[in-house]
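Inside the fold
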Amino acid sequence: MTVSDPTMRPAEPDRTTELGLAEFATALGQGTISSIDAVAAALDRIEASQPTLNAFRIVRREQALAEAAEADERLAAGERLPLLGVPIAIKDDTDIAGAPTAFGCGGDLPPKTEDAESVRRLRAAGAVIVGKTNTCELGQLPFTSGAAFGHTRNPWDAAHTPGGSSGGSAAAVAAGLVPAALGSDGAGSIRIPTAWTNLVGIKPQRGRVSTWPAAEAFHGLTVNGPLARTVADAALLLDAAAGPHPGDLHTPAPLTVSDAVGRDPGRLRIALSLRIPFTATRTALHPEVAVAVEHIAATLRRLGHSVTVADLHYGIMIGASFLPRSMAGISKVYDKMPGARVDPRTTANVRFGRALNGPALFAARQAEPLLHKRIGSFFRDYDLVLAPTTATPPPRAEEIDGIGVNATNDLITAACPYTWPWNVLGWPAVNVPAGFTDTGLPVGAQLMGTANTEPLLVSVAAQLESELRWDRHRPEPWW
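Below is a short write-up of the structure. Bear in mind the structure is a predicted one, so any value in this text is a computation, not a measurement.

Right, let's talk about the overall build of the protein chain for a bit. Within the protein chain, the regular secondary structure consists of 15 helices and 13 strands. Scaling as 2.2 N^0.38, a compact globule of 479 residues should have a C-alpha radius of gyration of about 23 Å, and the protein chain matches this with 21 Å. Taking the principal axes of the C-alpha coordinates as reference, the protein chain spans close to 55 × 55 × 45 Å. Sorting the 479 residues of the protein chain into buried and exposed places 60% on the buried side. Relative to all contacts within the protein chain whose residues are 6 or more apart in sequence, the contacts with residues 24 or more apart total 79%. When the accessible surface of the protein chain is summed, it comes to about 17600 Å², and 54% of that surface belongs to carbon and sulfur atoms. In the protein chain, 42 side chains carry a positive charge and 48 a negative one; their mean positions are 7 Å apart.

Written out as structure tokens, the structure reads:
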């Protein structure tokens, strides 16, 4: 396992690194820690780890300390909110007033004048946002790297990527810089990095967390969601961020996810599907990932569930629906960022997206109800699907460097062919840690349900956590 220079670690251990999101809120409410001390410690960890881990694009030191001081005054006055005074991070595809949203790109980009709706809700819950985490250009890759900021490293082994595109958020949480973070998932961008950093990642139902100022993101593929070490913390952050903006196109009925933690889901019928969705690239499931997912299946059986090998056949139509929406989404976001500097591979995808932004995109959107019906029929016999989150352990970070469009597509598809269908469907899924390879690299498994099944997924994930206790396994400090 590779760690940072030990000389960068503080002389005195910082006990706030051990606190989860809910524990932070409790400690702050009880007065055993102060927000300004907790936020200052988080900012110091970020600063010390930044030259090596490189998780953050923007650090809000001055603003966050001022917000923490205000939170302490509110706490002293008796005010209590779910996240009052707790330091968290957001991904750099999400607007926060006063900072640019670079979305992994270079160039001189103007600061935003308003918070995104998800940030507004996190602030309303009392959270102190310490910074914006790195992401690849326009969220296209399961790597977190770019010419504008370099490579974000995996806290478990610096030679490897933490995944993407929410890799900065995943690295920050896994390394203990913050207790939880918000990310986004348009083709697995929460589930992939949480799988590769031993975290829980929830991809919620489309519209559960607003993407405003976009009425929908990437033509309905992308949703916002939490990354955390435990199911309870992920659920707490999801509940804090959830809720619609009046301009949203997708507004599912509200629900509370935290209530499902510790709730008995009953005996479920779970399909274990290792089949890789159709791709034009040669793909194969890595043996160590297969073993890890089988271990999750065995644990579910031990918990009393029925787990049956039953491959989900996605068909070609779902891939034909994904491509126009993703590529046209890339071009749409890029066209709203004048002055952004991007990699030639991004430029090629922007051109491709513009070509698909017409009849192909229209047909892709029209196909979704048919896909819901087709895939939904599988759930007549099963309550949930268990599948690998990725086909391989995390690749080396530099594998993405200096290769062309075709080689890039081959690389990312071979590593991550499993997650994108649920973005087309807009249904929820949860990544749970599934263990480690022989060389100490984390891998994950995903639980997938139909519309609005976040509580069921969370209750099962919490059952698994109570058995496997993945939250006890943490990388060496990076500061």
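The omega torsion of the bond from G164 to S165 falls at 5 degrees, within 30 degrees of zero and hence cis. Note that S165 resides in the loop between β5 (150–151) and α5 (167–174). Put simply, W212 and P213 share a cis peptide bond, and its omega is 25 degrees. Position of P213 among the secondary structure elements: in the loop between β7 (200–203) and β8 (223–228). Look at F218: it is not a glycine, yet its phi comes out positive at around 50 degrees. As for its placement among the helices and strands, F218 is situated in the loop between β7 and β8. The buried category is assigned to F218, whose relative accessible area is 12%.

Further remarks concern empty space enclosed by the protein. Unoccupied space between atoms shows up once a probe the size of one water molecule is rolled over them. Per the counting criterion, the structure on display carries two cavities of 30 Å³ or more. The space that makes up the largest cavity amounts to roughly 90 Å³. The wall of the largest cavity is formed by 14 residues, among which R206, G207, T211, A215 and H250 lie closest to the centre. Residue composition of the lining of the largest cavity, grouped by class: five nonpolar, six polar and three charged. By volume, the second largest cavity is sized at about 50 Å³. Forming the boundary of the second largest cavity are W156, A174, T197, N198, L199, R229, W470, D471, H473, R474 and P475. Residue composition of the lining of the second largest cavity, by class: five nonpolar, three polar and three charged.

For the structure on display, the rule yields zero disulfides. Cysteine C136 remains unbridged, with the sulfur of C105 as its closest cysteine sulfur at 9.4 Å. Overall, C136 belongs to the buried group, its relative accessible area being 0%. Sulfur of C416: no disulfide; nearest cysteine sulfur belongs to C136 and is 11 Å away.

To continue, consider the pairing of strand β12 (residues 429–436). Two faces belong to every sheet, and in a regular strand the side chains alternate between them. In terms of residue burial, β12 counts as a mostly covered element, since six of its eight residues are buried. The sheet contact formed by β12 and strand β13 (residues 442–448) spans seven bridges and is antiparallel. Residue pairing for β13: P433 is matched across the bridge by G444. Taking the residues that link successive antiparallel strands as the turn, the β12-β13 hairpin has five residues, and the phi of G440 there is positive, at about 85 degrees.

As enumerated under the stated definition, the model contains 21 salt bridges in all. As a salt-bridge pair, D44 and R61 come within 3.0 Å of each other at their nearest N and O atoms. On the criterion of sequence distance, the pair formed by D44 in helix α2 (residues 35–49) and R61 in helix α3 (residues 61–76) is long-range, its members being 17 residues apart. For D44, a relative accessible area of 42% puts it in the partly exposed group. A salt bridge links E67 to R60, with the nearest nitrogen and oxygen atoms 3.0 Å apart. Assessed through its relative accessible area of 5%, R60 is described here as buried. Through salt bridges with shared partners, one network takes in R60, E67, D115 and R123.

Right, let's talk about the layout of surface pockets for a bit. By volume, the second largest pocket is sized at about 730 Å³. In terms of lining, the second largest pocket is formed by 29 residues, of which the most central are D93, D95, P213, A214 and V333. Take the lining of the second largest pocket: its biggest share by element is three residues, from helix α9 (residues 316–335). Here the lining of the second largest pocket is built from residues that sort into 13 nonpolar, 10 polar and six charged.

Counting residues in hydrophobic clusters, the biggest one holds 66 residues, and the most contacted among them are L83, L122, L300, L386 and L447. For this core, the element with the highest residue contribution is helix α7 (residues 231–241), accounting for eight residues. In contact with L386, not counting residues within four places along its chain, are I270, A271, L272, S273, V293, I296, A297, L300, A445, Q446 and L447. The next biggest cluster of nonpolar side chains, apart from the first, holds 34 residues, and it includes L221, L356, Y382 and V385.

As a further point, take helix α1 (residues 21–30). Those residues of α1 not exposed but buried are L21, F24, A25, A27 and L28. Looking straight down α1, one finds its buried side chains confined to an arc of 165 degrees; they lie on one side. At its buried positions, α1 is contacted by α2, α3, β2 (87–91), β6 (180–185) and α7. In the segment just after α1, G31 is the residue with positive phi, at about 80 degrees.

This part takes up the side chain of H219. Mapped onto the secondary structure, H219 falls in the loop between β7 and β8. When sequence neighbours within four positions are dropped, the list of residues in contact with H219 reads R325, A328, G329, K332, L361 and R365.

Criteria and cut-off values
Residues numbered from 1 in each chain as written. Predicted model: local features only at pLDDT ≥ 70, side-chain atom pairs only at ≥ 80, totals over all residues. Heavy atoms only, no water. Helix = DSSP H or I, 4+ residues; strand = E, 2+ residues; numbered from the N terminus. Rg over C-alpha atoms; globule rule 2.2 N^0.38 Å. Buried < 20%, exposed > 50% of the residue type's maximum accessible area, 1.4 Å probe, protein only. Contact = heavy atoms within 4.5 Å. Areas by Shrake-Rupley, 256 points an atom, 1.4 Å probe, with all protein chains shown as cover. Lys, Arg positive; Asp, Glu negative; His and termini not counted. Charge placed at Lys NZ, Arg CZ, Asp CG, Glu CD. 1 Å grid on protein atoms, 1.4 Å probe; cavity = no way out; pocket = protein on both sides within 12 Å on 5 of 7 lines; lining within 4 Å. Points joined across faces, edges and corners; volume = space filled by probe spheres on them. Nonpolar A, V, L, I, M, F, W, Y, C, P; charged D, E, K, R; others polar. Disulfide = S-S within 2.5 Å. Pairing = 2+ DSSP bridges. Salt bridge = Lys/Arg side-chain N within 4 Å of Asp/Glu carboxyl O. Core = buried A, V, L, I, M, F, W, Y, C linked by side-chain atoms within 4.5 Å. Arc of directions from axis to C-beta.

Nothing here speaks to function; it is geometry throughout.
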